[in-house]
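Structural overview
Chain residues, written in single-letter form:
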Amino acid sequence: MPQPADTINLERLKALLGGVNRYGFDPETGGYNRPGFSKSDLDCRAWFAAQMEEDGLTVWKDGALNLFGRFGSKEGPCIMAGSHLDTVVNGGAYDGSLGACVALECVRTMKEAGLEPATAIEVVATSEEEGRFGGMLGSQAITGEVTPDWIDSAVDADGIKLTDAMRANGLIPEQVPDAVRPSGSIKAFLELHIEQGPILEQEKLPIGIVEEVSGVCYLELVLSGIANHSGTTPMHLRADAFAGLAEVSGTIGALIQDHGTDQSRITIGHVELSPNHPHTIPGKAVFSAILRDTSETVMVALKSRFLENATAIASRHGLKLETAERSWLSPLKLDAELAERMSALAERHGLPARRMPSGAGHDAQTMQRFCPSGLIFVPSRNGISHAPEEHSDWGDIEKGANLMLQALIDLSGATR
Ligand SMILES: [Zn+2]
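As the structure is a computational prediction, the values presented were derived from the model and not from experiment.

Here is what the cut-offs are and how they apply
Every chain's residues receive numbers from 1 upward, in the order its sequence appears when written. A pLDDT threshold of at least 70 governs which residues receive local features in this predicted model, and a stricter bar of 80 or more applies before side-chain atom pairs are shown or counted, although totals over entire chains, interfaces and linings include all residues. Side-chain measures were taken over the full set of non-hydrogen atoms in the model, leaving aside hydrogen atoms and water. Atoms are scored as donors when they are N, O or S and lie within 2.8 Å of the metal, with 3.2 Å used for Na, K and Ca; no water is included, so coordination may look incomplete. Going along the chain from the N terminus, every DSSP run of H or I of four or more residues is numbered as a helix, and every run of E of two or more is numbered as a strand. With a 1.4 Å probe rolled over the protein chains alone, any residue whose accessible area is under 20% of its type maximum counts as buried; one over 50% counts as exposed, and the rest are partly exposed. Segmentation into domains, and thus their bounds, comes from an automatic or database assignment. Here the buried area means the combined drop in accessible surface, using a 1.4 Å probe, for two parts upon being joined, counting both sides. The term salt bridge refers to a side-chain nitrogen of Lys or Arg lying within 4 Å of a carboxyl oxygen of Asp or Glu. For this analysis, a polar contact is any N or O atom pair within 3.5 Å, provided that within protein one partner can donate a hydrogen and the other can accept it, and provided that sequence-adjacent residues contribute only side-chain to side-chain pairs. Gly is put with the polar residues, along with every residue not named as nonpolar or charged; the nonpolar set is Ala, Val, Leu, Ile, Met, Phe, Trp, Tyr, Cys and Pro, and the charged set is Asp, Glu, Lys and Arg.

A separate point is the coordination of the zinc ion. Donor atoms from the polypeptide that coordinate the zinc ion comprise His84 (NE2), Asp95 (OD) and His193 (NE2), at 2.0 to 2.1 Å from the metal. Donor residues for the zinc ion, ordered by position in the chain, follow H-x10-D-x97-H. With His84 in strand E5 (residues 78-84) and His193 in strand E7 (residues 186-194), the pair connects residues that are 109 residues apart, well separated along the chain. The class of His84 is buried, set by a relative accessible area of 0%. On the basis of relative accessibility, which here comes to 1%, the residue His193 falls in the buried class.

Attention now goes to the domain arrangement of the protein. Per the domain assignment, the segments making up the protein are domain 1 (10-214 + 332-412) and domain 2 (223-329). Surface buried jointly by domain 1 and domain 2 totals about 470 Å² across both partners, of which 48% is contributed by carbon and sulfur atoms. It is Ser214, Pro357 and Gly359 in domain 1 that bury the most area against domain 2; as a group they hold 66% of the surface buried on that side. Here domain 1 is connected to domain 2 by zero salt bridges. At the junction of domain 1 and domain 2, the tally comes to one residue pair in polar contact (both at pLDDT 80 or more). In terms of residue class, the side of domain 1 that touches domain 2 is built from two nonpolar, two polar and one charged.

Let's shift gears to unusual backbone geometry. Note the cis peptide between Ser274 and Pro275, where omega equals 5°. Turning to its location among the elements, Pro275 is positioned in the loop between strand E12 (271-274) and strand E13 (280-281). Backbone geometry places Phe37, a non-glycine residue, at a positive phi of 70°. In this structure, Phe37 sits in the loop between strand E2 (31-32) and helix H2 (39-54). Judged by its relative accessible area of 3%, Phe37 falls in the buried class. Unlike most non-glycine residues, Glu128 shows phi in positive territory, near 40°.

Here's what the structure looks like:
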């Protein structure tokens with residue numbers, strides 16, 4: 001006799017995630033290596049597909065290597081739920097994979113309880129979310145944002161072309177754009193993901209319901225001065241590119257204080273000094289600045305003030321400044337009605353949750369441009385992700401997964 005589907009089966013979920021994480025595990029670092037379109041990524045997908053087939057789902061993959069398992073009617077629109085299976089190099093056990101596993105566990109729970117969805121549910125394991133080739137290839141292919149030109153030009157950090165990486169694995173790059181879904185074919189998209197930040201842990205809450213995702217502006221700056229002998233050049237006669245860079249970095253705190261919000265972030269994460277020699281004054285500094293906020297207006301203000309500061313500092317140091325905007329991703333609001341609905345479900349089922357923004361990008365934000373999308377966060381220990389130390393407590397995961405279950409039952413109109 002089927003039982004009411006109030007809760008997922010945590011042990012079965014643990015086993016599923018453990019199965020996924022047999023692929024790409026590095027015993028030396030304790031990290032996971034499943035970069036998009038690597039052998040371990042493909043092997044993992046094949047294993048996940050076999051699991052869904054065993055569950056009796058209709059399983060297929062599209063031209064972008066997104067993997068689907070459909071539960072319910074074979075025709076008509078679906079509610080889609082899942083996340084990505086790929087990892088960064090030496091990544092953690094939960095980022096992405098947990099969301100794909102939770103979606104499948106929810107479907108397993110529903111099947112076991114004899115719940116039949118009125119609108120079909122599709123479990124998705126998206127491909128290449130971590131941006132090995134830039135962007136979020138899998139979800140962007142579903143929403144029709146991937147062009148043949150982009151596919152031709154996409155290259156990873158080692159200079160490997162996306163087209164070569166795909167062909168090496170028997171995949172056909174020309175088929176990626178075929179992954180696009182007809183408009184209206186996905187009624188809603190739901191994703192569970194680790195927070196990758198410290199807020200939920202700090203507030204001792206198991207669940208976050210994401211309302212908005214920060215935008216990202218990627219600037220590249222070049223400060224050019226004069227490389228010279230570090231012993232013979234008096235301090236006041238230098239044009240030291242590093243000194244300029246350091247001063248630019250030093251303005252960030254006050255800049256955010258005066259013109260930002262509590263969601264503002266500015267990071268100088270990549271620096272190249274030349275000649276980069278202990279006995280030579282740096283003649284050139286090339287560096288990145290990543291600006292984020294959940295408000296576009298704030299991002300625009302931060303960018304202009306940041307560049308004003310850099311210009312003034314360059315002139316004080318006798319440096320030439322060149323700037324380029326590499327990319328601009330606008331902030332995005334996830335579906336408000338869906339967030340409201342999930343909050344109500346969380347309350348009804350005694351699952352403590354708070355609304356929150358996301359500082360990191362996820363498939364849900366791509367999908368929001370196509371259909372109403374929702375994102376559930378579970379806490380990350382010490383806020384750490386993209387590292388072997390990444391960890392989320394199973395007690396929290398269980399609560400987040402149970403909210404996903406209730407959301408899927410609700411949205412799919414499932415009945416016995
Ligand atoms: Zn992720």
